[in-house]
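Next come the chains, spelled out residue by residue.
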Amino acid sequence: MFTLGSVLDNELKSSVEDFSFETEFSTNQLMLPNIEKPFEFAQSIISLEKDLDENDNQPMFHQQKKEERKERALIKGSKGTTTLAFIYEKGTVVAVDSRATSGQYIASQSVQKVVPVNQYMLGTLAGGAADCQFFLGHLGRICNLYELRNNEKISVAAASKLLNNILYSYRNYGLSVGSMICGYDTRGPQLYYIDSDGSRLKNSLFSVGSGSPFAYGVLDAGYRWDLSKEDAIDLGRRAICAATFKDSYSGGTVKVYHIDENGWVKISDDDASELWYRYEEKEKKNK
Amino acid sequence: MAGKNCVAIAGDTRFGVRNQTVALDSNRIFKINNRTLFGMTGLNTDILTLRESFKFQMNLYNLEEEREISPKTFAHNVAQTLYSKRFGPYFITPIIAGLEGEDYTPFLCATDLIGAMEFPKSFVVAGTGEESLMGVCETFYKENMEPEELFEVVSQCLLAAVDRDALSGWGSVVHVLTKDGITTKRLRTRKD
């Protein structure tokens, strides 16, 4: 369990063995329950929507097992969300929706899917809300410690690598994290995609979640490196709006953030449906 | 939902495949005659097939009986058609609403996919958001509502329930049936 006592022990150790790689960046593992087959239980806590599609080509008994697991799941999760981020000449744009569904029930229309890591880095939330919130918050703590110890800002590449290593050590525990680490450091605007399967990818644009195919359509069509700040923000907003329209598991409000050398700023927070009606009106007027 | 000598049926108009929304204008509520409205939810292909099937049966009934079918008889017809496919059912949940007899008493009927009928006095719900719908209708239903009030209540119930279900929305339609005829209105819903 992550207790204050164990964190303090870590601090003492690191002051003695200064700059030791292990103690500086290690975390105490979250405990597994003391039962037989702990991994099976851990993986059965959240059942994901995507498991449904994997069933289609499996033999009967495999399907039944997956069905049983879904029935016994304590939380019906789904990567039902749309988040996107892209880097361009003047910085990074991050846009997210705000819907949380549990199966097909809309649990909330006002979820914060962007978690600030520090003043110039944002992390996005997709998959299991609790998992993402905890690990991104933890990443914020580690980044802060790094800054205090090394007297310099941590790079986005290093921060994402830290999170990647932690998540890789929890591989097969049934975590569900599909997060993007977006920021601006000495190398310019940076964007990394981190997964609970242990992947870490670097690219200039990403979209994560069930609505991502729909967002990619709009994003890929309008993306250029030399966009103006206004156009870039509008592109992000439009892409999420399109995804909320097409995808049933995305919706609520559309939040857009911008990161440049001065840090991150929340640009806008619009109701997804109102935004759609507004864009429709504009289209009609243009015609 | 039933009111005083009037009934109303409301439904959304989304057609989707799993999470993707394919069409915004799929109408699932059909007029059988001036006294009966018939709505279905479920598998779209079965909805279309049964619509044609019932249209055919009603045309035949009109020709043979030389009169309009009453809602109660139609409801039994629906149940019979569904049970005939007991071991290979149509995947739909139908709702029948109408005005019965000389004094236009409201009639409501809901069946399950193999034709088990239920005749509640107040309201019937069906669809992916039926649990939410049940809750809201239970709260806002009153006896003996006039047509205008009934329209308001039904609209608000549908809008509220549809906003809590990810697979419903993207447009909705409300039909109010009184002895003077059917009024149809489309509501502006959330498109996310």
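Parameters and conventions
- Residues numbered from 1 in each chain as written.
- Chains lettered and ligands numbered in written order.
- Predicted model: local features only at pLDDT ≥ 70, side-chain atom pairs only at ≥ 80, totals over all residues.
- Heavy atoms only, no water.
- Buried < 20%, exposed > 50% of the residue type's maximum accessible area, 1.4 Å probe, protein only.
- Helix = DSSP H or I, 4+ residues; strand = E, 2+ residues; numbered from the N terminus.
- Pairing = 2+ DSSP bridges.
- Contact = heavy atoms within 4.5 Å.
- Axes fitted to C-alpha atoms, helices over the stretch in contact; angles between N-to-C directions.
- pLDDT = per-residue confidence, 0-100.
- Phe/Tyr/Trp six-rings, centres within 6.5 Å; stacked < 30°, edge-to-face > 60°.
- Lys NZ or Arg CZ within 6 Å of the ring centre and 35° of its normal.

Caption draft 1: Inspection of the pairing of strand β1 (residues 7-12) of chain B at higher detail. Residues and elements named next belong to chain B. Extensive coverage of β1 is indicated by the burial of five of its six residues. Both β1 and strand β9 (residues 172-178) contribute to a ladder of six bridges, which runs antiparallel. Bridge pairing in β9 links V7 to L177.

Caption draft 2: Expanded view of the sheet that holds strand β6 (residues 92-100) of chain B. All names here are of chain B. Spatial strand order, β4-β5-β6-β7-β8: five strands in an open sheet with antiparallel pairing. Looking along the sheet, the strands with just one partner apiece sit at the ends: β4 (29-33) and β8 (117-118). As defined by bridge partners, β4 adjoins strand β5 (residues 36-42) across four bridges and the pair is classed as antiparallel. Counterpart to N33 in the pairing with β5 is T36. Most of the contacts of helix α1 (residues 44-65) go to β5, to which it runs at about 155°, and overall it touches β4, β5 and β6. Of the strands in this sheet, β4, β5, β6, β7 (105-111) and β8 touch helix α2 (residues 71-83), which is tilted by about 165° from β6.

Caption draft 3: Local environment of the confidence of the model for chain B. Taken residue by residue, chain B gives an average pLDDT of 93. The fraction at 70 or more is 100%. Scoring of the predicted complex yields 0.78 for pTM and 0.73 for ipTM.

Caption draft 4: Quick peek at the packing of aromatic side chains. Under the definition given, this model contains 13 aromatic pairs over all chains. Their ring planes at 85° and their centres at 5.2 Å tell us that F134 of chain A and F135 of chain A sit as a pair that is edge-to-face. Using a relative accessible area of 29% as the deciding quantity, one classes F134 of chain A as partly exposed. Residues F38 of chain B and F54 of chain B carry aromatic rings whose centres are separated by 5.3 Å and whose planes lie at 85° to one another, so their mutual orientation is edge-to-face. Of the two residues, F38 of chain B is situated in strand β5 and F54 of chain B in helix α1; the sequence distance between them amounts to 16 residues. F54 of chain B gets classed as buried once you look at its relative accessible area, which sits at 1%. Across from the ring centre of W170 of chain B, 5.1 Å away, lies the NZ or CZ of R14 of chain B, which sits over that ring. Note that K185 of chain B overlies the ring of F151 of chain B, its terminal NZ or CZ placed 4.4 Å from the centroid.

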